[in-house]
Amino acid sequence: MLKYIIRKNPKNPVLITVPHSGSFYPELFKNYIKLDLGKIRKIEDYHSDKILKLVKKENVDILIAKCSRAVVDLNRSRKSVDNDMFNGTVIINQPDEKKMIAHGLGVFPRFISNKSIFKTKLPLSYSKKMLEEYYDPFHKSLSNQLEFLLKKFGFCYHFDLHTMPSKALKHFKVKPDIVLGNNFGKSSSEKLISYTKNSFQKFGLKVEINNPYAGGFITRKYGNPLAGIETVQIEINRSLYMDEKNLKINNIHYLQEIFSEIFNNFGYSFRLAAE
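In this text the structure is predicted, and so the values were computed from the model without any measurement.

Caption draft 1: The arrangement of the nonpolar core in detail. Counting residues in each nonpolar core, the largest one holds 76 residues, and the members touching the most others are Phe29, Phe108, Phe159, Phe200, Ile234, Phe259 and Phe263. No other element matches the 10 residues that helix H4 (residues 124-153) contributes to this core. Apart from residues lying up to four places away in sequence, Phe159 is in contact with Val14, Leu15, Ile16, Thr17, Leu192, Thr196, Val232, Ile234, Phe263 and Phe266.

Caption draft 2: Spotlight on the pattern of salt bridges. Scanning the entire structure with this criterion turns up 12 salt bridges. In this structure, Lys129 engages Glu133 in a salt bridge whose closest nitrogen and oxygen atoms are separated by 2.8 Å. You can see Lys129 and its partner Glu133 sitting in helix H4, 4 residues apart, about one turn around the helix. Here Lys129 falls in the partly exposed class, since its relative accessible area comes to 40%. Glu133 gets classed as partly exposed once you look at its relative accessible area, which sits at 36%. One network of salt bridges, in which partners are shared, links Arg69, Asp73 and Arg76.

Caption draft 3: Region of the structure containing the sheet that holds strand S1 (residues 2-5). If you walk across this open sheet you meet the 7 strands as S1-S3-S2-S6-S9-S7-S8, and the pairing is mixed. Two strands lie at the open edges of the sheet, namely S1 and strand S8 (207-209), each paired on one side alone. Here the strands of the sheet are splayed against their neighbours by 20 degrees on average, with no regard to which way each runs. Relative to strand S3 (residues 61-65), S1 runs antiparallel, the two being bridged by 4 bridges. Of the residues in S3, the one forming a bridge with Lys3 is Ile64. Each of S1, strand S2 (14-18), S3, strand S6 (156-164) and strand S9 (229-237) touches H4; the most contacted strand, S2, lies at about 170 degrees to it. Strand contacts of helix H5 (residues 190-201): S6, strand S7 (178-181), S8 and S9, with the helix running at about 170 degrees to S7, the strand carrying the most contacts.

Caption draft 4: Fine view of the side chain of Thr163. Looking at the element boundaries, Thr163 is found in strand S6. A relative accessible area of 5% means that Thr163 is categorised as buried. Residues within four places of Thr163 in sequence aside, it is in contact with Asp45, Tyr46, Ser48, Glu235, Ile236, Arg238 and Tyr241.

Caption draft 5: Representation of the side chain of Asn210 within the structure. Structurally, the position occupied by Asn210 is in the loop between S8 and helix H6 (217-222). With a relative accessible area of 14%, Asn210 lands in the buried category. Looking at Asn210, its side chain comes within polar contact range of the main-chain nitrogen of Asn182, at 2.9 Å. In this view, Asn210 contacts Val179, Leu180, Gly181, Asn182, Asn183, Phe184 and Gly185; residues no more than four positions away in its chain are not counted.

Caption draft 6: Local environment of the pairing of S7. Here S7 shows two buried faces, one formed by Ile178 and Leu180 and the other by Val179 and Gly181. Sheet topology note: the S7/S8 ladder contains 3 bridges and is parallel. If you follow Ile178 over to S8, its bridge partner there is Val207. Pairing between S7 and S9: 4 bridges, direction antiparallel.

Caption draft 7: Structural view of the packing of aromatic side chains. Enumeration according to the criterion identifies 15 aromatic pairs in this entry. Both rings, one in Phe155 and one in Tyr157, keep their centres 5.6 Å apart while their planes meet at 45 degrees; by these two values the pair is tilted. Pair check on accessibility: Phe155 and Tyr157 agree, each one buried. Arranged with centres 6.0 Å apart and planes meeting at 20 degrees, the rings of Phe259 and Phe263 form a pair that is stacked. With Phe259 and Phe263 both in helix H7 (residues 252-264) and 4 residues apart, this pair spans about one turn of that helix. According to the relative accessible area criterion, Phe263 is buried, its value standing at 1%. By way of ring pairs, the aromatic residues Phe155, Tyr157, Phe159, Tyr195, Phe200, Phe259, Phe263 and Phe266 are connected into one cluster. Taking NZ or CZ as reference, Lys221 lies 5.5 Å from the ring centre of Tyr222, over its face.

Caption draft 8: Summary view of H5. The terminal C-alpha atoms of H5 lie 16 Å apart, and with 12 residues this matches the ideal 16 Å at 1.5 Å per residue to within 8%. Those residues of H5 not exposed but buried are Leu192, Ile193, Thr196, Ser199 and Phe200. Seen along its axis, H5 keeps its buried residues to an arc of 120 degrees; they face one direction. Looking at the buried residues of H5, the elements they touch are S6, S7, S8, S9 and H7.

Basis of the calculations
Residues numbered from 1 in each chain as written. Predicted model: local features only at pLDDT ≥ 70, side-chain atom pairs only at ≥ 80, totals over all residues. Heavy atoms only, no water. Core = buried A, V, L, I, M, F, W, Y, C linked by side-chain atoms within 4.5 Å. Buried < 20%, exposed > 50% of the residue type's maximum accessible area, 1.4 Å probe, protein only. Helix = DSSP H or I, 4+ residues; strand = E, 2+ residues; numbered from the N terminus. Contact = heavy atoms within 4.5 Å. Salt bridge = Lys/Arg side-chain N within 4 Å of Asp/Glu carboxyl O. Pairing = 2+ DSSP bridges. Axes fitted to C-alpha atoms, helices over the stretch in contact; angles between N-to-C directions. Polar contact = N/O pair within 3.5 Å; in protein donor to acceptor, adjacent residues only side chain to side chain. Phe/Tyr/Trp six-rings, centres within 6.5 Å; stacked < 30°, edge-to-face > 60°. Lys NZ or Arg CZ within 6 Å of the ring centre and 35° of its normal. Expected span 1.5 Å × (residues − 1). Arc of directions from axis to C-beta.

Have a look at this one:
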């Protein structure tokens, strides 16, 4: 359940992941839900993978998850499990990301808009199947590709692409178009995130850094500048390319052009930044 656009002989160490655009819902998941699937779909980063349509295959590696984040959230720790959702104990020790679990946003989302997704508790076999079938392949592929690029170039730049609901930005006087996160400087150099910010601002977009999103589990897990891996999370205001209420694409071509310009002409150099 992954879409790979991986170069055989990459000319640069750039990788983009899209973990939340998936719209596939396994029958096993649908057997247990009580919410209408239309409501559940609002949790998707709706068609965010299409934003990369004009990025040329020879310029970046791209890894896209096809399974919905409502089924398994790839941007959470594998141990971010709420045992209360299951007929038994999935995590024996203390789970990861307790705050996310408390809000029903663990690796298995429990609530959407404060409404329970499932009509009953889930069997332990459910967690095992979903993790092994949808979670593990994504993270194995991501880890392997980062390792490959790191070995080939000695460094790599990883961008984790997401979209954010415009209502999550209501506290801003002027809502940002793009929010870049690098875990407050822990997952990338300041020079890379500044380069990325400037790249978007050239197109007249308003960009915030680490506010209100500093990066999720993927950013924290894989970003390690000292080891040569720089990870930046990119959050896009959904109102830029879609009708959020009715889940319809709207004017996505503008964003496609921007991303193609940035990543088809990616000019940042780790070696120069390190000098």
